[in-house]
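Single-letter residue listing:
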Amino acid sequence: MPRDRDEEGRARSARPRDGLGRPLPYGTEGVPRAPEGVTRTPAQTLAEAQRLLDEGMPFHAHEVFEDAWKTGPAEERDLWQGLAQLAVGLTHAARGNARGGARLLRRGADRITAPPPASQARSYGLDVDGLARWARELADRTDREDRVPDASVEAPRLRLE
């Protein structure tokens, strides 16, 4: 069976995906994918990621953060990678991968609270301390409870309000 390919010929599954990024059977209606390689301002990145998190689509939010680290300044890479780790940690936990989700949540919390990402995050109005606390608390709950978190219920607030 031939592999799905994108316009550049790279292998890329054309299967529809659900809100947590899991592949669905061909012909099933899925959630539209976020376009890749989009250059956004930090404010646009945070607004789009928050919208996706609020809609229970942390996998898609992770892709928005991934665009930011790939298209943004090198000195901000750790910040955007840390935020992506938080989003994909929530994704894994919501998919039932408690151990992997908890590990990514803690790794993301550590990354965004380390200098210089913490000061960059604060300059964008991010609630660094609140995000790190949310991630660590969710990781702890995920480790000790036998329940899969609801991604939309557990969605963090990225910015100070």
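Right above here is the structure, for reference.
Quantities reported herein were computed from a predicted structural model and do not represent experimental measurements.

Draft legend 1. Spatial organisation of the pattern of salt bridges. Throughout the structure, instances matching the rule amount to 12 salt bridges. A salt bridge links Glu55 to Arg51; the shortest N-O distance between them is 3.1 Å. Because the salt bridges share partners, they merge into one network encompassing Glu48, Arg51 and Glu55.

Draft legend 2. Structural context of helix α1 (residues 42-54). Here α1 spans 18 Å end to end across 13 residues, near enough to the 18 Å set by a 1.5 Å rise per residue. Residues of α1 that are buried include every one of Thr45, Leu46, Ala49, Gln50, Leu52 and Leu53, and no others. For α1, the angular spread of buried residues about the axis comes to 165°, placing them on one side. For α1, the secondary structure elements touched by its buried residues are α2 (58-71), α3 (77-94) and α7 (151-154). Looking at the residues trailing α1, positive phi occurs at Gly56, about 80°.

Draft legend 3. Looking closely at the nonpolar core. Ranked by internal contacts, the top residues of the largest apolar core, which has 37 residues, are Leu46, Phe65, Leu79, Trp80, Leu83, Leu126 and Leu158. Of all the elements in the fold, those that place two or more residues in this core are α1, α2, α3, α4 (98-113), α5 (117-123) and α6 (128-144). Ranked by residues supplied to this core, first place goes to α3 with eight residues. Other than its neighbours up to four places away in sequence, Leu46 contacts Phe65, Trp80, Leu83, Tyr124, Leu126, Leu158 and Arg159.

Draft legend 4. Highlighting the packing of α1 against α3. Close contact between α1 and α3 brings their axes to 12 Å; oriented N to C, the two are set at 5°. On the basis of their axis angle, the class for α1 and α3 is roughly parallel. Along the contact surface, α1 presents Pro42, Thr45, Leu46 and Leu53, while α3 presents Trp80, Leu83 and Leu90. Counted by class, the contact of α1 with α3 contains six nonpolar, one polar and no charged residues.

Conventions adopted
- Residues numbered from 1 in each chain as written.
- Predicted model: local features only at pLDDT ≥ 70, side-chain atom pairs only at ≥ 80, totals over all residues.
- Heavy atoms only, no water.
- Salt bridge = Lys/Arg side-chain N within 4 Å of Asp/Glu carboxyl O.
- Helix = DSSP H or I, 4+ residues; strand = E, 2+ residues; numbered from the N terminus.
- Expected span 1.5 Å × (residues − 1).
- Buried < 20%, exposed > 50% of the residue type's maximum accessible area, 1.4 Å probe, protein only.
- Arc of directions from axis to C-beta.
- Contact = heavy atoms within 4.5 Å.
- Core = buried A, V, L, I, M, F, W, Y, C linked by side-chain atoms within 4.5 Å.
- Axes fitted to C-alpha atoms, helices over the stretch in contact; angles between N-to-C directions.
- Parallel < 35°, antiparallel > 145°, perpendicular 65-115°, else oblique.
- Nonpolar A, V, L, I, M, F, W, Y, C, P; charged D, E, K, R; others polar.

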